[in-house]
Amino acid sequence: RIRDHYLEDGYAFVQVDVGSRTDEKGRWVGRVRVYEGPRVSTEGVYIDGLTALDPDDALGVMRSPPGFWSWLISKDFVRSEVDSDVLLLESFVRGEGYLDARVALQRLDWSEDRSEVAVTMLVEQGPRYTVRSMRFEGVSALTEVELRAVAKVAEGSPWRRPDVARTIRAFRDLYGKHGYVDAEIEPRELYDE
């Protein structure tokens, strides 16, 4: 717990040693020694391999990059944040239609005194999926033309998770305007390998 506390505060090299002995009265005495090491700040987070999307948008979904005020208030390096950022970045890239994308931590570049680190992540995008066709099943209260008119997803456009969510919301709103407040809309996506 002590080590975890230090790690969360940016002490990436902390070591905690626990020892025990008995004192002159035969009681057990525990001793904890902490070697803090330097408090590490994140100098920057960089993304290699992301060519089709704006890296600033990708950095915006992550937790570990230093923010606008980092020149004034440094951003502590927390390895667990970097690990979760790998997953967040992968989810973002896949959500933009690169469903086969993979993200990994490429390297950590430490300063000479190990008080700063630059984080580099590697993205393998893969192909971008597009919407080949859209079919509607179980529609009787509205027409397919009405639904297509409010859809944010269109045939031939890149598949994007935010567009699918906006389309579902638009369909629910349209059904609600026609008095169907409990309409269930379930997208089923079939992928062509």
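Described below are features of the structure shown in this document. (Residues numbered from 1 in each chain as written. Predicted model: local features only at pLDDT ≥ 70, side-chain atom pairs only at ≥ 80, totals over all residues. Heavy atoms only, no water.)

### Description of the sheet that holds strand β3 (residues 41-48)
In any sheet, the strands associate via hydrogen bonds between backbone groups, in a parallel or an antiparallel arrangement. Across the sheet, 3 strands lie side by side as β3-β5-β4; this open sheet has mixed pairing. Edge positions in the sheet fall to β3 and β4 (102-110), since each of these pairs with one other strand and no more. Pairs of neighbouring strands in the sheet enclose a mean axial angle of 20°, with direction left out of account. The pairing of β4 with strand β5 (residues 116-124) spans 8 bridges and is classified as antiparallel. What sits directly across from Arg102, in β5, is Glu124. On the sheet, helix α3 (residues 79-95) packs against β3, β4 and β5 and is oriented at approximately 145° with respect to β4. (Pairing = 2+ DSSP bridges. Helix = DSSP H or I, 4+ residues; strand = E, 2+ residues; numbered from the N terminus. Axes fitted to C-alpha atoms, helices over the stretch in contact; angles between N-to-C directions. Contact = heavy atoms within 4.5 Å.)

### Quick notes on the packing of aromatic side chains
On inspection of all chains with the given rule, the structure shows 6 aromatic pairs. Between Phe13 and Trp110, the ring centres sit 4.8 Å apart and the planes meet at 55°, which makes this aromatic pair tilted. Here the residue Phe13 occupies a position in the loop between α1 (2-8) and β1 (15-22), and Trp110 occupies one in strand β4, the gap between them amounting to 97 residues. Given the relative accessible area of 28%, Trp110 is considered partly exposed. Summarising the aromatic geometry, the rings of Tyr129 and Tyr191 are spaced 6.1 Å apart at their centres and angled 85° between planes, so their arrangement reads as edge-to-face. (Phe/Tyr/Trp six-rings, centres within 6.5 Å; stacked < 30°, edge-to-face > 60°. Buried < 20%, exposed > 50% of the residue type's maximum accessible area, 1.4 Å probe, protein only.)

### Thoughts on a negative patch on the surface
A cluster of acidic residues, Glu43, Glu112, Asp113 and Glu116, forms a negative patch at the surface. When you line up the elements, Asp113 lands in the loop between β4 and β5. Asp113 sits in the exposed class, given a relative accessible area of 52%. (Patch = residues over 30% accessible without salt bridge, like charges linked within 9 Å, V, L, I, M, F, W, Y side chains within 5 Å. Areas by Shrake-Rupley, 256 points an atom, 1.4 Å probe, with all protein chains shown as cover. Salt bridge = Lys/Arg side-chain N within 4 Å of Asp/Glu carboxyl O. Lys, Arg positive; Asp, Glu negative; His and termini not counted. Charge placed at Lys NZ, Arg CZ, Asp CG, Glu CD.)

### Points about the environment of Val139
Relative to the helices and strands, Val139 resides in the loop between β5 and α4 (144-150). What makes Val139 partly exposed here is its relative accessible area of 30%.

### Let's talk about the environment of Arg128
Relative to the elements of secondary structure, Arg128 occurs in the loop between β5 and α4. Measuring from C-alpha to C-alpha, the distance between Arg128 and Ala154 comes to 15 Å, with 26 residues separating the pair along the chain. A distance of 2.8 Å separates a polar side-chain atom of Arg128 from the backbone oxygen of Glu96. (Polar contact = N/O pair within 3.5 Å; in protein donor to acceptor, adjacent residues only side chain to side chain.)

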